[in-house]
Amino acid sequence: MLKTADLIQIRRHLHQIPELALNEVQTHAYIKEVIQGFNQEHLTLREVKELPTALLVHIDGANPKRTIGYRTDIDALPVQEETGLPFESKHPGVMHACGHDIHMTVALAILSYFAQNQPQDNMVFFFQPAEESENGGLLAYEDGVFEGQWRPDEFYGLHDTPDLPAGQIGCRLGTLFAGTTEVDVDFVGKGGHAAFPQNANDMIVAASQFINQIQTIISRSLDPIHSGVVTFGMFEAGTIRNVIAGRAHLEGTIRGLKQTTIEQIDDRIRDVAAGIARSYNCEVNLNFIQGGYLPVENDPQLTENFINYMEKHHASQFTITEPAMTGEDFGYLLSKIPGTMFWLGVGDEHPLHSAKLNPNEDAIEPGAKAIVDFLEYRMQEK
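Residues numbered from 1 in each chain as written. Predicted model: local features only at pLDDT ≥ 70, side-chain atom pairs only at ≥ 80, totals over all residues. Heavy atoms only, no water.

1. Regarding unusual backbone geometry
Then, in step 1: The backbone phi angle of Leu-22 is positive, close to 70°, even though this residue is not glycine.
Then, in step 2: Position of Leu-22 among the secondary structure elements: in the loop between α1 (4-16) and α2 (25-36).
Then, in step 3: By relative accessible area, Leu-22 is classed as partly exposed at 35%.
Then, in step 4: A positive phi angle is found at Glu-134, which is not glycine, with a value near 75°.
Then, in step 5: Topologically, Glu-134 is positioned in the loop between β4 (122-128) and α4 (136-142). (Helix = DSSP H or I, 4+ residues; strand = E, 2+ residues; numbered from the N terminus. Buried < 20%, exposed > 50% of the residue type's maximum accessible area, 1.4 Å probe, protein only.)

Given below as structure tokens:
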């Protein structure tokens, strides 16, 4: 495996060159350069014509019974970094504020180990662009990237979390990440003078009532055991204090731990929108934006195996975690290929997506070693 100093250097270089979804050109080139420095005897590096910033690596197993996949995401967020680190982002307004630089470094550490120590099973490493937006996992799958020798029988991947101590691994049976849907809502009424409300149709009032009614979906339409979230984070209406707004625009996000829960919320939002349109004699236009993320649902058998191994061999480094309402597009790949996603603690006081996120680099080496240990154990199984 790469030495600690090399891992830190790789992580810091990646941190300085963050790029947004489907534009990870420098990141792609650097990852490729690092991989080309590994032992190439059993390794095949593949460019992806359909997804130019993606990379796949195949390692031939010595006595393969299966193909094990490992996925890492490589894109960054449109966030202006505020860490003040000497290796902070060189790209204004773009930052690895979700820790994908940590993800990539751990993946390269694991890959370096198996490039030097031929695995028993075949392995496929997927360096995936466009996790934060544009659904890179879905694009890769629908473009036929995982065909023939490139299709894993089982897929693994991690996400860092500042909520766990550096190097600790967390996992759970069932859903790890929520699924998501994005929705825009436009209200069309009639503007007018503030002094003559009877001659207008105020869309601030209509939109406000819509938001208030939406809150009852979670509290009164869902089984309390089946968690969900509806948040409208953007509300635009009006231009000046003495003009009644004839239009309003909302943008929101819907999250649930089961896809059926998300679909139920979507249906109730349609019902509420229709009711508001009738009640306020206005148009209410809903746009459920394509490309929402499926829940990350861990395969029961593979995940139980992973948890049992970690509890037996890395007990001090492992914990069972609760599901999170954050989204992750690995959920799409896990809906097609069985697998397991887990957390890697990076112990920081700042949350994911924060401009001040500063993951503890002490997480990289122990995290990678624990995953290597598990994968070698998995390859010994029938």
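Structure shown, so let's carry the discussion forward.
2. Observations concerning the nonpolar core
Then, in step 1: Ranked by internal contacts, the top residues of the largest apolar core, which has 54 residues, are Val-106, Ile-110, Phe-127 and Leu-375.
Then, in step 2: A per-element tally of this core places helix α3 (residues 100-116) first, with 11 residues.
Then, in step 3: Those residues in contact with Phe-127 that lie beyond four places of it in its chain are Ile-31, Ile-35, Thr-53, Ala-54, Leu-55, Val-57, Thr-72, Ile-74, Ala-107, Leu-108 and Leu-111.
Then, in step 4: Counting 26 residues, the second-largest nonpolar core is a separate cluster that includes Val-185, Ala-206, Phe-232 and Ile-265. (Core = buried A, V, L, I, M, F, W, Y, C linked by side-chain atoms within 4.5 Å. Contact = heavy atoms within 4.5 Å.)

3. Some points on the pattern of salt bridges
Then, in step 1: In this structure the tally under the stated criterion is 15 salt bridges.
Then, in step 2: Each of Arg-11, Arg-12, Asp-101 and Glu-361 takes part in a single network of salt bridges with overlapping partners. (Salt bridge = Lys/Arg side-chain N within 4 Å of Asp/Glu carboxyl O.)

4. Comments concerning a negative patch on the surface
Then, in step 1: Among the surface-exposed residues, Glu-50, Glu-142, Asp-143 and Glu-147 lie close enough to one another that they form a single negatively charged patch.
Then, in step 2: Its place among the elements puts Glu-147 in the loop between α4 and β5 (154-161).
Then, in step 3: Overall, Glu-147 belongs to the exposed group, its relative accessible area being 53%. (Patch = residues over 30% accessible without salt bridge, like charges linked within 9 Å, V, L, I, M, F, W, Y side chains within 5 Å. Areas by Shrake-Rupley, 256 points an atom, 1.4 Å probe, with all protein chains shown as cover. Lys, Arg positive; Asp, Glu negative; His and termini not counted. Charge placed at Lys NZ, Arg CZ, Asp CG, Glu CD.)

5. A short note on α1
Then, in step 1: Given a rise of 1.5 Å per residue, 13 residues ought to cover 18 Å, and the 19 Å separating the end C-alpha atoms of α1 matches this to within 8%.
Then, in step 2: When α1 is considered as a whole, its buried residues turn out to be Leu-7, Ile-8, Ile-10, Arg-11, Leu-14, His-15 and Gln-16.
Then, in step 3: Where α1 is buried, its residues contact α2, α3 and α9 (364-380). (Expected span 1.5 Å × (residues − 1).)

Scope: geometric values only; no functional claims are made or implied.
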